[in-house]
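Listed below are the residues making up each chain.
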Amino acid sequence: MQISSKEDYFKAWQEASENPENFWSKVASEYQWKKPWESVQSGNFTDVNIKWFDGATLNITENCLDRHLQERPDKTAVIWEPNGVDEKEITYTYKELHAEVCRFANVLKDQGIRKGDRVVFYMSMVPELLTGVLACARLGAVHSVVFAGFSAQALAGRIKDCEAKMVITCDESYRGAKTTPLKEITDEALKDCGSIEKVLIRVRTGASVPMKEGRDIELLPLLKEASPHCDAVEVAAEDPLFILYTSGSTGTPKGLLHTTGGYMVWAGFTFENVFQMQDDDIYWCTADIGWITGHSYITYGPLLKGATTVMFEGVPTYPEADRFWQVVDKYKVTHFYTAPTAIRALEACDIELVKRHDLSSLKVLGSVGEPINDEAWQWYHKEIGKENCPIVDTWWQTETGGIMISSLAGVTESISTYATYPLPGVIPQLLDSEANVIDDKSGEGNLCISKPWPGMARTIWGNHERYKETYFSAYKGKYFTGDGSKRDESGRYRITGRVDDVINVSGHRIGTAEVEDALNEHHHVIESAVVGFPHDIKGQGIYAYVICNNGKAPTSEEEQENFKKELNAVITKIIGPIAKPDQVQFVSGLPKTRSGKIMRRILRKIAAKDISNLGDISTLLNPEVVEEIKKGAGL
Ligand code: WT7
């Protein structure tokens, strides 16, 4: 169902709100189901037992692949652009992609993977990451992609949590001028993961890696031998499709579980309406499949809609900081979807790097992952879109499965820093500090969603209580997003950022508690507090306040530098390099309330170098420490 005017948008939103059953059964009937549903939606946010299309059966890959074989067998489905400019791209038509996925599914089957089994992918952006997740879906197996920047320990934690049977990895990955030894990291992780029976290795760099007899097998030779036919396994609409781990404000990462039918309908519907593609358009989302954006808007969304999707292995700055623009020019990309952090980083480079490429193919620009600041928005609009391309600022989350608030390209207006309107089926509410719904047209508060939508995560793998507690306990009967938002007179939303202890570093979600737990692993650290602070390129940076054991605090600058290196090493080992603090300040204490709660508000203000409004600190347990911390921060 393609919405093509603003009037239609308002009508669709109204209909989806008033008569969701009718609306979603219309949208869902565009797909192939093996058995029809008995009820469109059931369950509620009080019992937290949401189901969509219950009773129906399907296979999502039939909808991504088989369904297109009649109408567009020879249309390019995927263009894979390698890391290096000298290496040749790989393209698959829909027919070829279908065959590749079937081959991969047969390999998985031969290696013992069955419906419901969990398969972890720890790969860089090679084509087999995309075909591999689809191959799992073909068999009804559950994929869980772990971003290849995470450490062995982080990988092991995820494998153990979902009790995966298989890991698929590469010998090494290429990213820019760097290689990362993924197989070595996997081996380290597997030292204590009993559930893993097989490891498939996709050779990418050709580095020599140890192979464990009986467990490790090279993937490419198996694919070559495998048959390109594989029946799609029939699964229930509410059967698991994938698990994706993400950070929260407390404890270890949570494995958000997405199920099949509702996710499919949501990924397809949101992709179609937000991006408004035409048949010969070329779409490129620069995300990594290790994050939800790469699941919904490199893989499932575009393929469900029969689009051409570009998949890029490299980084924006390699071999030069014009790589994005070079690739846009090379494939005549029409729809380009990236993150504000990338926009800001590229904006900081010489404008000649943009000007040397022909970007006239572009029709629509997208932004995702964090609030986009006005300056970056204007630059994107002017220098990349040449003031001709609507920008869709898409707000959503790992938990939501797909885009929730965004303009629809060329259909509803784009406004700098505003995600604007909720998609049909999304009913946002703003809540004030007393948990009252803000009824006025405009206002500001905590962003909740009041009704179920098809793409929402159904649970946290193995921990439904945590799911209820995290998302449905702050405001009764509502899904709480963790974000704050404003709303203007016309009902358009402007997301202001997280209101919980989650920081958004270059569009990556980092839980402060996770970083603190890791820092505290250093044998000379007693306690730490981690907060976000405004960062020109990353959006937010990580600021760590660290208390050392008596007599162990570094004093000279050199000692401090060495200590910081050790802390970085600990973080890299436990989480991965993406969680390394940008700033470390050694302190003798942390500001605490009399009940022992760390006053993060004060720490955030000091980290932001803003001490104008610290509030009343006299009621603190240790007000004197605030002066010391201010001084230490050079304020
Ligand atoms: C958090 C979710 C959505 C896929 C990538 C991130 C922030 C995301 C926007 C946006 C303002 C945004 C929110 C959200 N966020 N998109 N367009 N404007 N903030 O997924 O890792 O689950 O992170 O990213 O704070 O809660 P994620």
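**Details of the packing of helix α9 (residues 260-275) against helix α10 (residues 292-304)**
In step 1: Look at α9 against α10: their axes get within 8 Å of each other, and the N-to-C directions meet at 90°. As far as their axial angle goes, α10 and α9 are roughly perpendicular. From α9, Tyr 263, Met 264, Ala 267, Gly 268, Thr 270, Phe 271 and Phe 275 reach across to α10, where they touch His 295, Ser 296, Tyr 297, Tyr 300, Gly 301, Pro 302 and Leu 304.
In step 2: By residue class, the composition of the contact of α9 with α10 is 9 nonpolar, 5 polar and no charged.

**Things to note about the domain arrangement of the chain**
Accessible area lost upon the coming together of the parts serves often as the stated size of an interface.
In step 1: Its domain assignment divides the chain into domain 1 (94-233) and domain 2 (505-632).
In step 2: Here domain 1 and domain 2 have C-alpha centroids that lie 37 Å from each other.
In step 3: Listed per partner, the contact involves 6 residues of domain 1 and 7 residues of domain 2.
In step 4: Buried area between domain 1 and domain 2, summed over both chains or domains, comes out near 510 Å², and the portion from carbon and sulfur atoms is 53%.
In step 5: Of all residues in domain 1, the largest losses of buried area upon contact with domain 2 belong to Phe 150, Ser 151 and Gln 153, amounting jointly to 63% of the total for that side.
In step 6: Residue composition of the side of domain 1 that touches domain 2, grouped by class: 3 nonpolar, 3 polar and no charged.

**Topic: the site of the ligand**
In step 1: What surrounds the ligand is a group of 17 residues, the closest being Asp 393, Thr 398, Asp 483, Arg 498 and Arg 509.
In step 2: The side chain of Asp 393 places a nitrogen or oxygen atom 2.7 Å from a nitrogen atom of the ligand.
In step 3: Measuring from an oxygen atom of the ligand, one finds a side-chain N or O atom of Arg 509 at 2.7 Å.
In step 4: Contact with the protein chains hides 96% of the accessible area of the ligand, taken as 550 Å² for the molecule alone.

**Things to note about helix α5 (residues 127-139)**
In step 1: In this model α5 runs 19 Å from its N-terminal to its C-terminal C-alpha over 13 residues, within 8% of the 18 Å that 1.5 Å per residue would give.
In step 2: Most of α5 is tucked away: 13 of the 13 residues are buried.
In step 3: Once α5 ends, the next one or two residues include Gly 140, with phi positive near 75°.

**As for the confidence of the model for the chain**
In step 1: When the pLDDT values of the chain are averaged, the result is 97; 100% of them are 70 or greater.
In step 2: For the chain, strand β27 (residues 508-511) is the element with the lowest average pLDDT, namely 93, and α5 is the one with the highest, namely 99.

**Description of the nonpolar core**
Note on soluble globular proteins: their nonpolar side chains tend to be buried together.
In step 1: Core analysis: the largest hydrophobic core is formed by 160 residues, its most contacted members being Trp 24, Trp 33, Phe 53, Leu 108, Ile 168, Phe 275 and Tyr 300.
In step 2: Two domains each put at least three residues into this core: domain 1 (94-233) and domain 2 (505-632).
In step 3: In contact with Trp 24, not counting residues within four places along its chain, are Ala 16, Val 40, Trp 52, Phe 53, Val 265, Trp 266, Phe 269, Pro 424, Gly 425 and Pro 454.
In step 4: Val 310, Phe 336, Ala 342 and Leu 353 belong to the second-largest nonpolar core, a separate cluster that totals 29 residues.

**Section: the pattern of salt bridges**
In step 1: Following the criterion strictly, the structure yields 45 salt bridges and no others.
In step 2: In this structure, the salt-bridge partner of Glu 81 is Lys 330, at a minimum N-O distance of 2.9 Å. Within this pair, whereas Glu 81 is found in strand β4 (residues 76-81), its partner Lys 330 is found in helix α11 (residues 323-331), the two being separated by 249 residues in sequence.
In step 3: When its relative accessible area of 1% is taken as the criterion, Glu 81 is described as buried.
In step 4: Here Asp 117 makes a salt bridge to Lys 165, at a shortest N to O gap of 3.0 Å. Here the residue Asp 117 occupies a position in the loop between α4 (94-110) and β6 (118-122), and Lys 165 occupies one in the loop between α6 (152-162) and β8 (166-170), the gap between them amounting to 48 residues.

**Digging into unusual backbone geometry**
In step 1: Pro 319 follows Tyr 318 through a cis peptide bond whose omega is -5°.
In step 2: Looking at the secondary structure, you find Pro 319 in the loop between β17 (308-312) and α11.
In step 3: In this structure, Thr 417 takes a positive phi of about 70° despite not being glycine.
In step 4: Here Thr 417 shows up in the loop between β20 (391-394) and β21 (428-431).
In step 5: We classify Thr 417 as buried; its relative accessible area is 12%.

Cut-offs and rules
- Residues numbered from 1 in each chain as written.
- Predicted model: local features only at pLDDT ≥ 70, side-chain atom pairs only at ≥ 80, totals over all residues.
- Heavy atoms only, no water.
- Axes fitted to C-alpha atoms, helices over the stretch in contact; angles between N-to-C directions.
- Helix = DSSP H or I, 4+ residues; strand = E, 2+ residues; numbered from the N terminus.
- Parallel < 35°, antiparallel > 145°, perpendicular 65-115°, else oblique.
- Contact = heavy atoms within 4.5 Å.
- Nonpolar A, V, L, I, M, F, W, Y, C, P; charged D, E, K, R; others polar.
- Domains from an automatic or database assignment.
- Buried area = accessible area lost by both parts, 1.4 Å probe.
- Near = heavy atom within 4 Å.
- Polar contact = N/O pair within 3.5 Å; in protein donor to acceptor, adjacent residues only side chain to side chain.
- Areas by Shrake-Rupley, 256 points an atom, 1.4 Å probe, with all protein chains shown as cover.
- Expected span 1.5 Å × (residues − 1).
- Buried < 20%, exposed > 50% of the residue type's maximum accessible area, 1.4 Å probe, protein only.
- pLDDT = per-residue confidence, 0-100.
- Core = buried A, V, L, I, M, F, W, Y, C linked by side-chain atoms within 4.5 Å.
- Salt bridge = Lys/Arg side-chain N within 4 Å of Asp/Glu carboxyl O.

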